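Observations on chain architecture
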Amino acid sequence: GGPRRCRRLEAEAARAVLGAADTLLFDCDGVLWRGEAAVGGAAAALGRLAAAGKRLCYVTNNSSRTRAAYTEKLRRLGFPPAEPRHVFGSAYCAARYLRQALPLGAAAYVLGSPALAAELEAVGVPHLGPGPAALPGPAPADWAQAPLDPAVRAVLVGFDEHFSYAKLCQALRYLLRGGPDCLLVGTNRDHRLPLEGGTAIPGTGCLVKAVETAAQREAFIVGKPNRYMFDCVASEFDIDPARTIMVGDRLDTDILMGNSCGLTTLLTLTGVTTLDEVKGHQESDCPARQSLVPDYYVDSIADLLPALGD
Ligand code: PLP
Ligand code: CA
């Protein structure tokens, strides 16, 4: 209870907080790297955490890479070796969700990347798409005649750089045909992907909203801030929330999930959030805004290095 303090994590407090944790969950973009460039000192900090015996897991809303691709990126950027089972991307978590939610043999219609398809294949969920939707005629009204696969019992929406009106039509038709028996699942709701120089591109949330608007129903979201992503980690490892730190750069995804799952939350300022935004939430007495306030912050996770020194 009470307002969260959000203290800078340094010196003795850093030693104590890290010492009390056995697991750290790291958001990726904005925390470990920005695009293809590692955050300075981040690899060294994770190396010391691994050497101190901490379990390191990676939780990312980005559905456009497989678990294997993340382990390869971590290796390439000099982070301590990770195994695919330590990586919880929204593509893998969506595949895992559909494997347990779909009847055996039922398929998913997918708006997404090849990586999303690969994760579905890895857990044995049959799928249609990604790839262009078949267009049986020149006019949108003709598209409502495109064949529907009888096995489809779910529509899955992830990051799809080839999102199209034709795919939106097919998604709606599967949802209308199946009614409530056709699942609607989104990987995440990130509204924008910030790029260097203050610009941004639309995030997967825009695509999920398009399908939700057409179908007039709400998708189940696999990624942060939904606790499903944390539950995936907790079902595959022996996790004690009281001994787990969630490290992220985004308040409405990383920090909200960590706070609502009872984890210690640590914000890093190398990504999308400024300390002024945190102060705004802190000063509000709205409980929904209080739940966006992290327990601690650092300018960069490289600032943890002194507390991890030998
Ligand atoms: N979704 C996509 C398609 C992205 O490219 C990114 C970041 O690069 C994200 C989501 C956000 O990822 P994260 O949760 O690691 O910050
Ligand atoms: Ca991030």
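Use the structure listed above.
Please read all numbers here as calculations on a predicted model, not as lab measurements.

Basis of the calculations
Residues numbered from 1 in each chain as written. Chains lettered and ligands numbered in written order. Predicted model: local features only at pLDDT ≥ 70, side-chain atom pairs only at ≥ 80, totals over all residues. Heavy atoms only, no water. Phe/Tyr/Trp six-rings, centres within 6.5 Å; stacked < 30°, edge-to-face > 60°. Helix = DSSP H or I, 4+ residues; strand = E, 2+ residues; numbered from the N terminus. Buried < 20%, exposed > 50% of the residue type's maximum accessible area, 1.4 Å probe, protein only. Polar contact = N/O pair within 3.5 Å; in protein donor to acceptor, adjacent residues only side chain to side chain. Contact = heavy atoms within 4.5 Å. Donors = N, O, S within 2.8 Å, 3.2 Å for Na, K, Ca; no water. Pairing = 2+ DSSP bridges. Axes fitted to C-alpha atoms, helices over the stretch in contact; angles between N-to-C directions.

Brief notes about the packing of aromatic side chains
Tallied over the full model, the rule gives nine aromatic pairs. The interplanar angle of 25° and the centroid separation of 6.3 Å between the aromatic rings of F26 and Y58 together place this pair among those described as stacked. Here Y58 lies in strand β5 (residues 55-60) and F26 lies in strand β2 (residues 23-26), a separation of 32 residues in the sequence. In terms of burial, F26 and Y58 fall into one category: buried. Between Y109 and Y174 the ring centres are 5.2 Å apart and the planes differ by 40°, which places this aromatic pair in the tilted class. Of the two residues, Y109 is situated in strand β7 (residues 107-111) and Y174 in helix α7 (residues 165-178); the sequence distance between them amounts to 65 residues. On the basis of relative accessible area, Y109 is assigned to the buried category, the value being 7%.

Concerning the side chain of D27
With respect to the secondary-structure elements, D27 resides in the loop between β2 and β3 (33-34). By relative accessible area, D27 is classed as buried at 6%. There is a polar contact of 2.7 Å between the side chain of D27 and the side chain of K224. The residues touching D27, leaving out its near neighbours within four places in the chain, are L32, V59, K224, M246, V247, G248, D249 and D254.

What about the coordination of the calcium ion (ligand 2)?
Those protein atoms acting as donors to the calcium ion (ligand 2) are D27 (OD), D27 (OD), D29 (O) and D249 (OD), and they sit at 2.2 to 3.1 Å. Within one chain, the residues donating to the calcium ion (ligand 2) are spaced in sequence as D-x1-D-x219-D.

Digging into the sheet that holds strand β15 (residues 264-268)
With parallel pairing, the seven strands of this open sheet are ordered in space as β1-β16-β15-β14-β2-β5-β6. The open sheet has two edge strands with one neighbour each: β1 (7-8) and β6 (87-89). Inspection of the sheet shows β2 paired to β5 by four bridges, in the parallel sense. When the bridges of β5 are listed, L24 appears paired with L56. Sheet strands touched by helix α10 (residues 251-260): β14 (244-248) and β15. Its angle to β15, the strand with the most contacts, is close to 160°.

Quick word on the environment of L292
As for its placement among the helices and strands, L292 is situated in the loop between α12 (287-290) and β16 (296-298). Taking the C-alpha atoms as reference, L292 lies 7.7 Å from N259; in sequence the two are 33 residues apart. Those residues in contact with L292 that sit more than four places away from it in its chain are L251, D252, I255, L256, N259 and H281.

A word on the side chain of T270
Relative to the helices and strands, T270 is located in the loop between β15 and α11 (275-283). Assessed through its relative accessible area of 15%, T270 is described here as buried. Here the side chain of T270 touches T268 through a polar contact of 2.8 Å, side chain to side chain.

A closer look at the sheet that holds strand β9 (residues 152-157)
Across the sheet, five strands lie side by side as β8-β7-β9-β10-β13; this open sheet has parallel pairing. Lying at the two open borders of the sheet, with one neighbouring strand each, are β8 (127-128) and β13 (220-221).

Observations regarding the pairing of β5
With five of six residues buried, β5 lies mostly within the body of the structure. Here β5 pairs with β6 via three bridges, running parallel. From the neighbouring strand, V59 faces β6, where its bridge partner is F88.

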